[in-house]
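Descriptive structure summary
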Amino acid sequence: MDKTVYIVGGDWGQDFQMMFEERGWQVVRRFEDAAFIQFTGGEDVDPSLYGEQNTHSGFNRNRDAEEGWFFNRAREAGKNMLGVCRGGQFLTVMSGHEMWQDVDNHGLWGTHEATHLESGDTYQVTSTHHQMMRPTDKGSPYKILVAAGLSEVKQGGGRYEEQDLTNPTRDVEAVFYPENKALAFQPHPEYVDSSQDCNKLYFRLIEECFGGKG
């Protein structure tokens, strides 16, 4: 696997650069030189991009537009795309899917358990977000890779759902959109070093989705 990556997200990129370099990746300065495009965290995605009115989002239309340009360019070039937190949410929306604008129990500094659905392996991952990816049948094909059972209420755009607390996989943590070659990851692997679960899980998923060793 070609481990070259271009980071989209301005000031958010420094932690990602350190994370990738610790793993032996090369962070490149030109989009054209990268096999992977990494979208970073930050503001919410504009709900109008997935057909909803804003009820809980603090978004940045300028950033959405700029990163939309990179998304379209990466898709046309056949590059692999990675998204963390806001970045994963953005890849979800750009793949034709929706968001929960607000969920409880996730906007915390700390970790919670998430399950790799294919293997059943569990990992401790970060939880520092208030929105959540919501893949639907309206969008492009997808595969949910990692899920957790933390939220009790999800809402936004006029929807309100109380969750089935007996379902341990009610919260989407990672999803792959094969048509766009896009891996969306809700936690923050760049917050921890390569010895920690959250970081290990992210690079495991990169390997599983794109081949080779991450």
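Residues numbered from 1 in each chain as written. Predicted model: local features only at pLDDT ≥ 70, side-chain atom pairs only at ≥ 80, totals over all residues. Heavy atoms only, no water.

1. Remarks on the sheet that holds strand β6 (residues 102–103)
Spatially, three strands are ordered β6-β11-β12 in an open sheet, and the strand pairing comes out antiparallel. Here the strands that pair on one side only, and so sit at the sheet edges, are β6 and β12 (159–162). Direction of pairing for β6 relative to strand β11 (residues 153–156): antiparallel, over a ladder of two bridges. Bridge assignment links Val-103 to a residue of β11, and that residue is Lys-154. (Pairing = 2+ DSSP bridges. Helix = DSSP H or I, 4+ residues; strand = E, 2+ residues; numbered from the N terminus.)

2. Description of the pairing of strand β3 (residues 36–39)
Burial of β3 is two-sided: the residues Phe-36 and Gln-38 facing one way and the residues Ile-37 and Phe-39 facing the other way are all buried. Direction of pairing for strand β1 (residues 4–8) relative to β3: parallel, over a ladder of four bridges. Note on β3: the bridge partner recorded for Val-8 is Phe-39. For β3 and strand β4 (residues 80–84), the ladder comprises four bridges, and the chain directions are parallel. Paired with Phe-39 across the bridge in β4 is Gly-83. (Buried < 20%, exposed > 50% of the residue type's maximum accessible area, 1.4 Å probe, protein only.)

3. Focus: the sheet that holds strand β2 (residues 26–27)
If you trace the nine strands from one edge of the open sheet to the other, you get β2-β1-β3-β4-β14-β13-β10-β7-β8, paired in mixed fashion. Single-partner strands in this sheet number two, and they are β2 and β8 (122–128). Relative to strand β14 (residues 182–185), strand β13 (residues 171–177) runs antiparallel, the two sharing four bridges. Residue Phe-176 lies in a different strand from β14, and its bridge partner there is Leu-183. Contacting β1, β2, β3 and β4, helix α1 (residues 13–22) runs over the sheet at an angle of about 165 degrees to β1. (Contact = heavy atoms within 4.5 Å. Axes fitted to C-alpha atoms, helices over the stretch in contact; angles between N-to-C directions.)

4. Considerations on the packing of aromatic side chains
Summed over all chains, the structure comprises 13 aromatic pairs. Ring centres of Tyr-6 and Phe-31 lie 6.1 Å apart, and the angle between their planes is 75 degrees; on these two criteria the pair is classed as edge-to-face. With Tyr-6 in strand β1 and Phe-31 in the loop between β2 and β3, this pair connects stretches of sequence that are 25 residues apart. Residue classification places Tyr-6 among the buried residues on the basis of a relative accessible area of 18%. For Phe-31, a relative accessible area of 5% corresponds to the buried category. When the ring of Phe-39 is compared with that of Phe-90, the centres are 5.9 Å apart and the planes differ by 35 degrees; the resulting orientation is tilted. Pair noted here: Phe-39 is in strand β3 and Phe-90 is in helix α3 (residues 86–94), with a separation of 51 residues, a long-range link. What links up through ring pairs into an aromatic cluster is the set Phe-20, Trp-25, Phe-36, Phe-176, Phe-185, Tyr-202, Phe-203 and Phe-210. Over the ring of Phe-31 we find Lys-79, and its NZ or CZ is 5.3 Å from the ring centre. (Phe/Tyr/Trp six-rings, centres within 6.5 Å; stacked < 30°, edge-to-face > 60°. Lys NZ or Arg CZ within 6 Å of the ring centre and 35° of its normal.)

5. Quick notes on helix α4 (residues 197–210)
Counted at 1.5 Å a residue, the expected span for α4 with its 14 residues is 20 Å, and the 20 Å between its end C-alpha atoms agrees. What α4 keeps buried is the set Cys-198, Asn-199, Leu-201, Tyr-202, Phe-203, Leu-205, Ile-206, Cys-209 and Phe-210. Following α4 by one or two positions, Gly-211 adopts a phi angle in the positive range, close to 85 degrees. (Expected span 1.5 Å × (residues − 1).)

6. What to know about the nonpolar core
Counting 30 residues, the largest nonpolar core has Phe-20, Leu-183, Tyr-202 and Ile-206 as the members making the most contacts within it. Looking at this core, the element that brings in the most residues is α4, giving eight residues. (Core = buried A, V, L, I, M, F, W, Y, C linked by side-chain atoms within 4.5 Å.)

7. Digging into the pairing of β14
Residues Ala-182 and Ala-184 point to one face of β14 and Leu-183 and Phe-185 to the other, with burial holding for every one of them. Bridge count for β4 against β14 is four bridges, and the pairing is parallel. Along β14, the bridge assignment pairs Leu-82 with Leu-183. Between the end of β13 and the start of β14, which pair antiparallel, lie four residues, with Lys-181 showing a positive phi angle near 50 degrees.

8. Things to note about the pattern of salt bridges
Overall, the coordinates contain 15 salt bridges when judged by the stated rule. For Asp-33, the salt bridge is made with Arg-30, and the minimal N-O distance between the two is 3.1 Å. Here Asp-33 falls in the partly exposed class, since its relative accessible area comes to 38%. For Arg-30, a relative accessible area of 47% puts it in the partly exposed group. For Arg-134, the salt bridge identified is with Glu-98, shortest N-O distance 2.4 Å. Placement of Arg-134 in strand β9 (residues 132–134) and of Glu-98 in strand β5 (residues 98–100) is noted, with a sequence separation of 36 residues between them. Across the pair, Glu-98 and Arg-134 agree in class, each one buried. When salt bridges with common partners are traced through the structure, they connect Glu-43, Arg-63, Asp-64, Glu-67 and Arg-86 into a single cluster. (Salt bridge = Lys/Arg side-chain N within 4 Å of Asp/Glu carboxyl O.)

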